[in-house]
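The chain contents come next:
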Amino acid sequence: MSESHTAEHTHHELGFIRKYIFSTDHKIIGIQYMITAMAMAVVGGFLSMLMRYQLAWPTTLSPNMAKLFPTAWAGGIMAPEFYISLVTMHGTIMVFFLFTAVLTGGFGNFLIPLQIGARDMAFPFLNALSYWIFLVSCVVIFSALFVQTGAPMGGWTSYAPLSALPAAAPGQGTGVTLWITAIALFSASGLMGGLNYITTILTMRTRGLSMMRLPLTQWSLLVTSVLGLLAFPVLLGAAILLTFDRVGGTSFFVPAGVIMNGLPVDHSGGHPLLWQHLFWFFGHPEVYIVVLPAMGMASDILSTFCRKPIFSYRMMVYSMVAIAALSFIVWGHHMFVSGMNPFLGSVFTLTTLLIAVPSAVKTFNWLGTVWGARIRFTAAGLFSIGFVSMFVSGGLSGIFLGTSAADIQLQDTYFVVAHFHLVMAIAPLFAAFGGIYFWFPKMFGRFMNETLGKAHFWLSFIGAYCVFFPMHILGIGGQMRRIYDPTQYLFLQAQQPVNVFITLAAFVLGASQLIFLLNFFISIFAGKRALDNNPWQATGLEWTVPCPTGHGNFGEELPVVHRWPFDYSVPGEKEDFIPQTVPATATAKH
């Protein structure tokens, strides 16, 4: 952006509605994404509490629940179709409208221009449009909960032919139509954001900021955006084909010979595995669309509070690129039980296990960063360490699921539930929490309460392990992942106390998130003021501007970068950090 626009960016005052509602400022849009994602998290989290209640006490009469949900809990017992709709809506809301939205939409918007020394995104209007389309998609998916015939019941994967036949189940009519609409809108929003992120990072970096001087958060967002541009169109295309099957009489996903309600279905020539191939071609990169930004943010935060450079920066970058590339050739491991040729299965096993290599490189680099460090145990630092712990714990179980011989035995059990919750849900959520505690002063000019933050961390850390680690045991014992009532099976009854324990732990984990929400919203207005631009003594460009940062981000002149973002504890230097804007000659001797 030319310097002639500097005055406009630094002095132009906007009204409240233009500034905070219909804003094109990347920071406000980022905060809008975060708060919207938090609202969706409350909804998705509440649904999971209902699911856990059912799994712990499936045959216990619940008059109070019957009063709250007179149809779904008729007679005091949850209806099976209501349970499976909870599974569907919980998974959809959490994967798309929380994890993807808060990490790429929230932190991506807030951090990209600040960390690369730009005044805003390359396309501010497109950026705002992306958020508003995302918001509409949230409203559409939320409205599916209130459809008279029920919410969709096909799981977050929405497998065909169940999803292709509106009459297949109560929620498969309007409910699935709303699901498809919401996912299509979300995909369109994600594509707009991805284009904007790539253009901004590649073309608007300030002077001196070469690619190998970027913070790892920026590398992760760049790689994630490329992943999104390649993966989301596949999901969008699959959703369009699914719509054709539902309303246009086509048969992309419905084979001949399907009998429904005693009558043959008027479709032929399709194949349900086509949907699985298309969905998982998107679905596995989606895992890394969520995880990679978490890796980048946790790396930057970890380095800051360890007061050490990140261990092997270049290998961290190369590992992210390798993970992204490999993520497009592993989707078949989700389909080992689909009748796949064993030779093809062995190929997908090989490619899946290859991803363990760059993942292990990153893990050893995080350990190398922590090793021997003078760690500052702030809430943000604790959550970044917690991210590493959760990612490693979940990643180890992934080795079993990536191997066809083991996966065929564990497919569709709670072992899978434990694995993907630790890797795709809890680990990225810990990184997101760390990011919010870390960059909160830059967002609102105040700190979040550290004591509440640490209480939030320990309750979440212990609670998450108590919830998800025992699920491995349930899965090995044979408990199915979408089961409505485990006590109906004799061989599962001995495990029921574990289900009760998990549910009690889940309630504690859910309640601990209320501490975070209370801390977040109170701190916006009453938190301790951040009087220093750089309260954590960090090195990135975002810490050279005021807290909170005004319109246009930087003053009259854009910053000039002279070094990488990990100059911590440099030998011979007076301070244990050197900002990226400090010239090399200025730090020669103090």
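Rules of the game
- The numbering scheme is per chain: residues are counted from 1 as the chain's sequence reads.
- Local features in this predicted model are restricted to residues of pLDDT 70 or higher, and side-chain atom pairs are both shown and tallied only at a pLDDT of 80 or more, whereas totals for entire chains, interfaces and linings draw on every residue.
- Hydrogens and waters are ignored; side-chain quantities use all the structure's heavy atoms.
- A run of H or I in DSSP counts as a helix once it spans at least four residues, and a run of E counts as a strand once it spans at least two, with each numbered from the N terminus.
- Values of the radius of gyration come from C-alpha atoms, whereas the globule rule sets the reference at 2.2 Å times the count of residues to the power 0.38.
- A simple rule labels every residue: compare its accessible area, found with a 1.4 Å probe on the protein chains alone, to the largest value its type can have, and call it buried under 20%, exposed over 50%, or partly exposed in between.
- Throughout, a residue-residue contact means that at least one pair of heavy atoms, one from each residue, lies within 4.5 Å.
- Reported accessibility uses the Shrake-Rupley method at a 1.4 Å probe radius. Residues are deemed covered only where the shown protein chains occlude them.
- His is not counted, nor are the chain ends; Lys and Arg add positive charge and Asp and Glu add negative charge.
- In this description, the location of a charge corresponds to atom NZ of lysine, CZ of arginine, CG of aspartate or CD of glutamate.
- Angles shown run from 0 to 180 degrees and are taken between the N-to-C directions of axes, each axis being a line fitted to C-alpha atoms and, for helices, limited to the stretch in contact.
- The labels follow the angle: roughly parallel below 35 degrees, roughly antiparallel above 145, roughly perpendicular from 65 to 115, and oblique for the rest.
- Should the near helix be turned anticlockwise from the far one by less than a right angle, the crossing is termed left-handed; should it be turned clockwise, right-handed.
- In a helix, the anticipated span is given by 1.5 Å times the number of residues less one.
- Here a polar contact is taken to be a pair of N or O atoms separated by no more than 3.5 Å, where protein atoms must pair a possible hydrogen donor with a possible acceptor and residues adjacent in sequence count only if both atoms sit in side chains.
- One number per residue, pLDDT, summarises how confident the predictor is, and it ranges from 0 to 100.
- Here, the term nonpolar core denotes a set of buried Ala, Val, Leu, Ile, Met, Phe, Trp, Tyr and Cys residues that are joined through side-chain atoms within 4.5 Å.
- Patch membership requires over 30% relative accessible area and the absence of a salt bridge. Like charges are linked within 9 Å, and nonpolar side chains (Val, Leu, Ile, Met, Phe, Trp, Tyr) within 5 Å.
- For salt bridges, the criterion is a side-chain nitrogen of Lys or Arg within 4 Å of an Asp or Glu carboxyl oxygen.

(A) Examining the overall build of the protein more closely. Counting its regular elements, the protein contains 18 helices and two strands. Against the compact-globule benchmark of 25 Å for 590 residues, the protein has a radius of gyration of 24 Å, which places it among compact chains. Taken over the C-alpha atoms alone, the protein extends approximately 80 × 55 × 50 Å along its principal axes. When each of the 590 residues of the protein is scored for burial, the buried share is 58%. The long-range share in the protein, meaning contacts at least 24 apart out of those at least 6 apart in sequence, stands at 78%. Of the roughly 23100 Å² that the protein leaves accessible, carbon and sulfur atoms contribute 71%. Of the charged side chains in the protein, 26 are positive and 22 negative; the average position of the first set lies 8 Å away from that of the second.

(B) Representation of the environment of Phe566 within the structure. Relative to the assigned elements, Phe566 resides in the segment after helix H18 (496-526). Along the backbone, Phe566 and Phe577 are 11 residues apart, and their C-alpha atoms lie at a distance of 8.1 Å. Setting aside anything within four residues of it in sequence, one finds Phe566 in contact with Leu216, Asp300, Ser303, Pro309, Ile310, Tyr313 and Thr539.

(C) Geometry of the packing of helix H8 (residues 216-247) against helix H10 (residues 313-326). Between H8 and H10, the shortest axis-to-axis distance is 10 Å and the interhelical angle comes to 15°. Viewed along their axes, H8 and H10 adopt a mutual orientation that is roughly parallel. As H8 packs across H10, the resulting crossing turns out to be right-handed. Mapping the contact onto sequence places Leu216, Trp219, Ser220, Val223 and Leu227 in H8 and Tyr313, Met316, Val317, Met320, Val321 and Ala324 in H10.

(D) Molecular detail of helix H11 (residues 342-354). For H11, spanning 13 residues, the distance from its first C-alpha to its last is 18 Å, which sits close to the expected 18 Å at 1.5 Å a residue. Taken residue by residue, H11 has Gly345, Phe348, Thr349, Thr351 and Thr352 as its buried positions. Looking at the buried side of H11, the elements it contacts are helix H12 (356-370) and helix H14 (404-410). You can read the cap of H11 off the contacts: a side-chain oxygen lies 2.7 Å from the backbone nitrogen of Phe343, and it is on Asn341.

(E) Here's a closer look at the confidence of the model for the protein. Predicted confidence across the protein gives a mean pLDDT of 93, with 97% of residues reaching 70 or more. Counted against residues more than four places away or in other chains, residues 1-9, with its pLDDT under 50, gives 14 contacts.

(F) Looking closely at the side chain of Ser23. By secondary structure assignment, the location of Ser23 is in the loop between helix H2 (16-21) and helix H3 (26-56). A residue is classified by how much of its surface remains accessible, and Ser23, at 2% relative accessible area, is buried. A distance of 2.9 Å separates a polar side-chain atom of Ser23 from the backbone nitrogen of Asp25. Ignoring any residue separated from it by four or fewer positions in sequence, one finds Ser23 in contact with Arg18, Ile28, Ile29 and Ala128.

(G) Expanded view of the side chain of His26. Along the chain, His26 falls in helix H3. Take His26: its relative accessible area is 0%, and that puts it in the buried class. Excluding residues that lie within four positions of it along the chain, His26 makes contacts with Asn109, Phe110, Pro113, Leu114, Arg119, Asp120, Met121, Asn127 and Asn553.

(H) The nonpolar core, seen in detail. If you look at the biggest cluster of nonpolar residues, it comprises 182 residues, and the most contacted ones within it are Phe107 and Phe387. Counting residues per element, this core draws most heavily on helix H5 (residues 80-116), at 22 residues. Once residues lying within four places of it in the same chain are set aside, the contact partners of Phe107 are Met34, Val102, Ile112, Leu221, Met297, Ala432, Gly435, Ile436, Trp439 and Met443.

(I) View of a nonpolar patch on the surface. Side chains of Phe16, Ile17, Tyr20, Ile21 and Phe22 sit close together on the surface and give an oily, nonpolar patch of about 510 Å² of accessible area. Its place among the elements puts Phe22 in the loop between H2 and H3. Residue classification places Phe22 among the partly exposed residues on the basis of a relative accessible area of 49%.

(J) Up close: the pattern of salt bridges. Enumeration over the complete set of coordinates arrives at five salt bridges. Salt-bridge contacts for Arg376 lead to Asp576; the nearest nitrogen and oxygen are separated by 3.6 Å. With Arg376 in the loop between H12 and helix H13 (379-401) and Asp576 in the segment after H18, this residue pair connects regions lying 200 residues apart in the sequence. By relative accessible area, which is 31% here, Arg376 ends up partly exposed. Within this structure, Arg307, Arg376 and Asp576 form a network of salt bridges that share partners.

(K) Unusual backbone geometry, seen in detail. For the bond running from Ala160 to Pro161, omega is 10°, close enough to zero to count as cis. Mapped onto the elements, Pro161 comes out in the loop between helix H6 (124-143) and helix H7 (174-203). Of note, the amide linkage connecting Cys547 to Pro548 takes the cis form, showing an omega dihedral of -10°. Here Pro548 is to be found in the segment after H18. Within the chain, Ser158 stands out as a residue other than glycine whose phi angle is a positive 50°. Considering the arrangement of structural elements, one finds Ser158 in the loop between H6 and H7. The class for Ser158 is buried, based on a relative accessible area of 3%. For Arg307, which is not glycine, the phi torsion reads 55° and is therefore positive. Within the fold, Arg307 resides in the loop between helix H9 (272-306) and H10.

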